[in-house]
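Understanding the architecture of this molecule
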Amino acid sequence: MEAFWGFGQLMRQQIIPSVVGEHGLDFKDFITLTSISEGAVYPKNICERLSTNASDVSRILETLSKGGFIKRELDTEDSRRVLVSLTPTGTAVLKTARDRIQQMISDAESTCSSDDLEQTTRTLTRLQHSIRARVQQELTRTDSS
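Residues numbered from 1 in each chain as written. Predicted model: local features only at pLDDT ≥ 70, side-chain atom pairs only at ≥ 80, totals over all residues. Heavy atoms only, no water.

**Focus: the overall build of the chain**
Counted only if it meets this: Elements are defined by DSSP. Helices are runs of H or I of four residues or more, strands are runs of E of two residues or more, and each kind is numbered from the N terminus. Remark: exposure states derive from per-residue accessible area (1.4 Å probe, protein chains only) relative to the maximum for the residue type, with buried under 20%, exposed over 50%, and partly exposed in between. Here a residue-residue contact requires only that any non-hydrogen atoms of the pair lie within 4.5 Å. Per-residue and other accessible areas follow the Shrake-Rupley method at a 1.4 Å probe size, with only the shown protein chains counted as cover for residues. Just so you know, the count uses Lys and Arg for positive and Asp and Glu for negative, and it drops His and the chain ends. The atoms used to mark charge sites are NZ of Lys, CZ of Arg, CG of Asp and CD of Glu.
Assigned secondary structure in the chain consists of six helices and two strands. Mapped from its N terminus to its C terminus, the chain presents α and β elements in the order α-α-α-α-β-β-α-α. Referenced to the eigenvectors of the C-alpha coordinate spread, the extents of the chain come out at roughly 55 × 50 × 25 Å. For the chain, the proportion of its 145 residues judged to be buried stands at 23%. Within the chain, residue pairs in contact and separated by at least 24 positions form 47% of the contacts whose partners lie at least 6 positions apart. For the chain, the accessible surface area stands at approximately 10,000 Å², while carbon and sulfur atoms represent 54% of it. For the chain, the distance from the average site of its 18 positive side-chain charges to the average site of its 20 negative ones is 5 Å.

As structure tokens, then:
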């Protein structure tokens, strides 16, 4: 578990900031851009994906908007809602960051055997499914109460 935690911290504290920092972005900005690119197009969706509150997301979106990475506009179907989307600049920065992160991981993978990588992948997949099922059980139990 310590290795898993350490890898996550490495990604959060060093790898992602080194990749997106040149654009004035940090980890939360990167995760927000990623969330938007994956379909979280309303601030409420972004709050849920980041597990944070609306005021924090509002500040992040303001920073990203001022930097030209996202645009915010009224939803044409419901003018009470704001729709968030990536700009071409945001899309390009996100693609560059993902490519560079993938290259760093590929370079690191080259130090491991294919058996080690396959075992790691299987283990992480099992952990992901197990944790997801456990969280779903907890949510179901909470909703039933």
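**Points about the packing of helix H2 (residues 27–37) against helix H4 (residues 54–66)**
Stated formally: Fitting a line to C-alpha atoms yields each axis, with helices limited to the stretch in contact; the angle taken between N-to-C directions then spans 0 to 180 degrees. Note on terminology: angles under 35 degrees are roughly parallel, angles over 145 are roughly antiparallel, angles of 65 to 115 are roughly perpendicular, and the others are oblique. Classification used: nonpolar for Ala, Val, Leu, Ile, Met, Phe, Trp, Tyr, Cys and Pro, charged for Asp, Glu, Lys and Arg, polar for all others including Gly.
As a packed pair, H2 and H4 sit with axes 10 Å apart at the nearest point and diverge in direction by 85 degrees. The orientation of H2 relative to H4 falls into the category roughly perpendicular. Residues Lys28, Asp29, Thr32, Leu33 and Ile36 of H2 lie in contact with H4, whose contacting residues are Ile60, Leu61 and Leu64. Here the residues of the contact of H2 with H4 are counted per class, giving five nonpolar, one polar and two charged.

**Some points on a nonpolar patch on the surface**
Using the following cut-off: A patch is a set of surface residues, each over 30% in relative accessible area and not in a salt bridge, joined within 9 Å for like charges and within 5 Å for the nonpolar side chains Val, Leu, Ile, Met, Phe, Trp and Tyr. Think of a salt bridge as a Lys or Arg side-chain nitrogen and an Asp or Glu carboxyl oxygen that are within 4 Å of each other.
A surface patch of nonpolar side chains, amounting to about 710 Å² of accessible area, comprises Met1, Phe4, Leu124, Leu127, Ile131, Val135 and Leu139. Sort the elements by how many residues they give to the nonpolar patch and helix H6 (residues 114–144) lands first, with five residues. Within the fold, Leu139 resides in helix H6. Taking the relative accessible area as the measure of exposure, Leu139 reaches 46% and is therefore partly exposed.

**Overview of the layout of surface pockets**
Unfilled space is identified by rolling a water-sized probe across the atoms. Just so we agree on the cut-off: Site definitions follow a grid-based scheme: protein atoms alone, a 1 Å grid, a 1.4 Å probe that fits but cannot get out for cavities, and for pockets an open set with protein on both sides within 12 Å along at least five of seven lines, plus lining residues having an atom within 4 Å of a point. Grid points are joined across faces, edges and corners, and a volume is the space filled by probe spheres set on the points.
In this structure, the largest pocket spans a volume of roughly 770 Å³. Forming the walls of the largest pocket are 20 residues, and the residues nearest its centre are Phe4, Phe7, Thr120, Thr121 and Leu124. When residues of the lining of the largest pocket are traced back to their parent elements, those giving at least two are helix H1 (2–20), helix H5 (88–109) and H6. Looking at the lining of the largest pocket, the element that brings in the most residues is H6, giving 10 residues. Looking at the lining of the largest pocket residue by residue, the classes come out as 12 nonpolar, six polar and two charged. In this model, the second largest pocket occupies a volume close to 260 Å³. As for the second largest pocket, its lining consists of 13 residues, and the residues nearest its centre are Met11, Ile16, Phe30, Ile101 and Ile105.

**Remarks on the packing of H1 against H5**
Formally: Helix crossings get a hand from a simple test, with the near helix turned counterclockwise from the far one by less than a right angle marking a left-handed crossing and a clockwise turn marking a right-handed one.
Relative orientation of the contacting elements H1 and H5 amounts to 130 degrees, with a least axis distance of 9 Å. Considered as vectors, H1 and H5 are oriented oblique to each other. Between H1 and H5 lies a crossing whose hand is right-handed. Taken together, the residues of H5 that come into contact with H1 (itself represented by Met11, Ile15, Ile16, Ser18, Val19 and Val20) are Ala97, Arg100, Ile101 and Met104. Looking at the contact of H1 with H5 residue by residue, the class counts come to eight nonpolar, one polar and one charged.

Shape descriptors only; they carry no functional weight alone.
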